[in-house]
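Chain by chain, the residues:
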Amino acid sequence: MATMMRKTEVLRAYRQLLKATRQTFAGDSQMLKASAIEVRHKFEDNKHISSPSDIDRLLDEAREASHFVSTMIVQAKLNDRGGYEVKPSKDHDGATLEIPSEEILKKAPPVTKCS
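The structure reproduced in this document is the subject of the present report. (Residues numbered from 1 in each chain as written. Predicted model: local features only at pLDDT ≥ 70, side-chain atom pairs only at ≥ 80, totals over all residues. Heavy atoms only, no water.)

Focus on the pattern of salt bridges
Then step 1. Scanning the model with the defined rule gives seven salt bridges in all.
Then step 2. A salt bridge links Glu9 to Arg63, with the shortest nitrogen-to-oxygen separation between them at 2.8 Å. Taken together, the residues span a long stretch of sequence, with Glu9 in helix H1 (residues 2–24) and Arg63 in helix H3 (residues 52–72) at a distance of 54 residues.
Then step 3. Here Arg57 makes a salt bridge to Glu61, at a shortest N to O gap of 3.1 Å. Note that Arg57 and Glu61 are positioned in helix H3 at a spacing of four residues, about one turn of the helix.
Then step 4. The exposure class assigned to Arg57 is partly exposed, which follows from its relative accessible area of 40%.
Then step 5. Under the relative-accessibility criterion, Glu61 is labelled partly exposed at 41%. (Salt bridge = Lys/Arg side-chain N within 4 Å of Asp/Glu carboxyl O. Helix = DSSP H or I, 4+ residues; strand = E, 2+ residues; numbered from the N terminus. Buried < 20%, exposed > 50% of the residue type's maximum accessible area, 1.4 Å probe, protein only.)

Here it is in structure tokens:
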């Protein structure tokens, strides 16, 4: 019974993290795909874990990741004028804005406009 409840808890954490990435990266197919692959990879890497304390720690990390993705990441969108706009939602209340440095921007892959 406890094992079944634990599996349900893990599945819930997995779904919550995927939901957070889908909401945060809506409209960005590249990030949606990459984040789904990364989330799945992390859960697959830890499927052999059986220690209750390790499972609790991993579940806490998954919940923290969901919260972080939902509240600390905002997707900038290319506007008609060629600039980027950031529209934080009510979930981002209290978050701080960190503007990437020129060095980070130079390393970033080129941005393609999605229709």
